[in-house]
Amino acid sequence: MTVPADDSVGKETFVFSPADGVPPQVGPFAHATRFGSLVFVTGQMPTDPATGRLVDGDVIAQAEQVRRNLEAVLRQFGLTLDDVLMVRVYLTDFDDFDVFNTAYETWFDGPLPSRTCVGVSGLAVGAAIEIDLIAGIPERKHS
């Protein structure tokens, strides 16, 4: 569902459904906001879109679900993780930093985006990881 927030500045907000592969919202926010050629994706949790519940497993199992959720949002704009410009990762246990990095590097075919990784004392729904990002909609060359 698209909800134009303010046509005068070109900002559009988007809310997606589990049918789109995106978990339901757990708070008052949009899944994504597009402003010009930038797409801001709300922090995704390791939540299964089909059940709305946190997936079982360690930080890698949770990170892989977060990746799938992020990819589902990006797909709505015809984008992939390789269109991402900036990633913010939140970890509840910074001892997971190295193991997460090993998995994270496999998510991209092209150059890695800019990134911030922060250790936090807690996340919603008891998650071990949350990731938000900013993607750019590339100019498509027409032949």
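Residues numbered from 1 in each chain as written. Predicted model: local features only at pLDDT ≥ 70, side-chain atom pairs only at ≥ 80, totals over all residues. Heavy atoms only, no water.

Draft legend 1. Highlighting the overall build of the protein. The secondary structure content of the protein amounts to two helices and seven strands. N-terminal to C-terminal, the α/β element order of the protein is β-β-β-β-α-β-α-β-β. Computed over C-alpha atoms, the radius of gyration of the protein comes to 15 Å, within 12% of the 15 Å expected from 2.2 N^0.38 for 143 residues, which places it in the range of a compact globule. Over its C-alpha atoms, taken along the principal directions, the protein stretches across nearly 45 × 35 × 25 Å. The buried share of the protein, reckoned over its 143 residues, is 41%. Nonlocal contacts in the protein, meaning residues at least 24 apart in sequence, comprise 65% of its contacts between residues at least 6 apart. Summed over all atoms, the accessible surface of the protein reaches about 7,700 Å², with 52% contributed by carbon and sulfur. Each charge sign in the protein was given a centre, from 10 positive and 20 negative side chains, and these centres are 6 Å apart. (Helix = DSSP H or I, 4+ residues; strand = E, 2+ residues; numbered from the N terminus. Rg over C-alpha atoms; globule rule 2.2 N^0.38 Å. Buried < 20%, exposed > 50% of the residue type's maximum accessible area, 1.4 Å probe, protein only. Contact = heavy atoms within 4.5 Å. Areas by Shrake-Rupley, 256 points an atom, 1.4 Å probe, with all protein chains shown as cover. Lys, Arg positive; Asp, Glu negative; His and termini not counted. Charge placed at Lys NZ, Arg CZ, Asp CG, Glu CD.)

Draft legend 2. Summary view of unusual backbone geometry. Positive phi, close to 55°, is recorded for Val125, a residue that is not glycine. Here Val125 is to be found in the loop between strand E6 (114–119) and strand E7 (129–136). Val125 sits in the partly exposed class, given a relative accessible area of 46%.

Draft legend 3. Inspection of the pairing of strand E3 (residues 32–35) at higher detail. Looking at chain direction, strand E2 (residues 11–14) and E3 are connected through four bridges and run antiparallel. From the neighbouring strand, Glu12 faces E3, where its bridge partner is Arg34. Pairing of E3 with strand E4 (residues 38–44), which is carried by four bridges, proceeds in the antiparallel orientation. Note that in E4 the partner of Phe35 across the bridge is Leu38. Turn length for the E3-E4 hairpin, with the two strands adjacent in sequence and antiparallel, is two residues, and the turn residue Gly36 shows positive phi of about 60°. (Pairing = 2+ DSSP bridges.)

Draft legend 4. Region of interest: the packing of aromatic side chains. Taken as a whole and assessed by the stated rule, the structure comprises eight aromatic pairs. Between the aromatic rings of Phe16 and Phe77, the centroid separation amounts to 6.1 Å while the plane-to-plane angle is 85°, which identifies the pairing as edge-to-face. With Phe16 in the loop between E2 and E3 and Phe77 in the loop between helix H1 (59–75) and strand E5 (84–91), this pair connects stretches of sequence that are 61 residues apart. Ring centres of Phe100 and Tyr104 lie 5.4 Å apart, and the angle between their planes is 40°; on these two criteria the pair is classed as tilted. (Phe/Tyr/Trp six-rings, centres within 6.5 Å; stacked < 30°, edge-to-face > 60°.)

Draft legend 5. View of the pattern of salt bridges. Scanning the model with the defined rule gives four salt bridges in all. Between Asp132 and Arg88 there is a salt bridge, and its shortest N-O distance comes to 2.8 Å. A residue pair is termed long-range when its members are at least 10 positions apart, and Asp132 in strand E7 and Arg88 in strand E5 qualify at 44 residues. Assessed through its relative accessible area of 31%, Arg88 is described here as partly exposed. Overlapping salt bridges, with partners in common, bring together Glu64, Arg67 and Glu71 in one network. (Salt bridge = Lys/Arg side-chain N within 4 Å of Asp/Glu carboxyl O.)

Draft legend 6. Examining the pairing of E6 more closely. Where E5 lies against E6, six bridges are found, and the strand directions are parallel. Paired with Leu91 across the two strands is Gly119, which belongs to E6. After leaving E5, the chain enters helix H2 (residues 97–104) and then returns to the sheet as E6, a path that is right-handed. (Right-handed = clockwise from strand over helix to strand, strands pointing away.)

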